[in-house]
Amino acid sequence: DGWTGWGLRGDATAAAFARLSALQLPNDGLVQGEVAGVPAKVVPVPDGIDVLVPSMFGAYLRDAILERCAGLGIAEAAS
């Protein structure tokens, strides 16, 4: 299995995630369900939220996050 991940960080993390999914985040552990219309694993981390999707949805997730979270200051980090 191949997975692609995206980390949401910063002050707008909760607002950004709310635009992507109706999932309730756990205090620890992970939750699985739909994010931006695709199956995902969501892991709360101390400084934000990590979203993992099957690799075939990687580019779609990136585009969905950037589109749906426009205006919240969500941007791709330099690698």
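See the structure shown above.
This write-up is about the structure you can find in this document. (Residues numbered from 1 in each chain as written. Predicted model: local features only at pLDDT ≥ 70, side-chain atom pairs only at ≥ 80, totals over all residues. Heavy atoms only, no water.)

1. Description of the sheet that holds strand E4 (residues 48-54)
Item 1. The sheet built from four strands is open, its strands ordered E1-E4-E3-E2 with antiparallel pairing. Edge positions in the open sheet fall to strand E1 (3-9) and strand E2 (31-35), since each of these has one partner strand only. Here the strands of the sheet are splayed against their neighbours by 35 degrees on average, with no regard to which way each runs.
Item 2. Bridge count between strand E3 (residues 38-45) and E4: five bridges; the pairing is antiparallel. Residue pairing for E4: Val-43 is matched across the bridge by Asp-50. (Pairing = 2+ DSSP bridges. Helix = DSSP H or I, 4+ residues; strand = E, 2+ residues; numbered from the N terminus. Axes fitted to C-alpha atoms, helices over the stretch in contact; angles between N-to-C directions.)

2. Let's talk about the pattern of salt bridges
Item 1. The final tally for this structure, using the stated rule, is three salt bridges.
Item 2. Across the salt bridge formed by Asp-47 and Arg-9, the nearest N and O atoms sit 3.2 Å from each other. Highlighted residues: Asp-47 in the loop between E3 and E4 and Arg-9 in strand E1, separated in sequence by 38 residues.
Item 3. Its relative accessible area of 36% is what places Arg-9 among the partly exposed residues.
Item 4. Here Arg-62 makes a salt bridge to Asp-63, at a shortest N to O gap of 2.7 Å.
Item 5. With a relative accessible area of 42%, Asp-63 lands in the partly exposed category.
Item 6. Within this structure, Arg-9, Asp-47 and Asp-50 form a network of salt bridges that share partners. (Salt bridge = Lys/Arg side-chain N within 4 Å of Asp/Glu carboxyl O. Buried < 20%, exposed > 50% of the residue type's maximum accessible area, 1.4 Å probe, protein only.)

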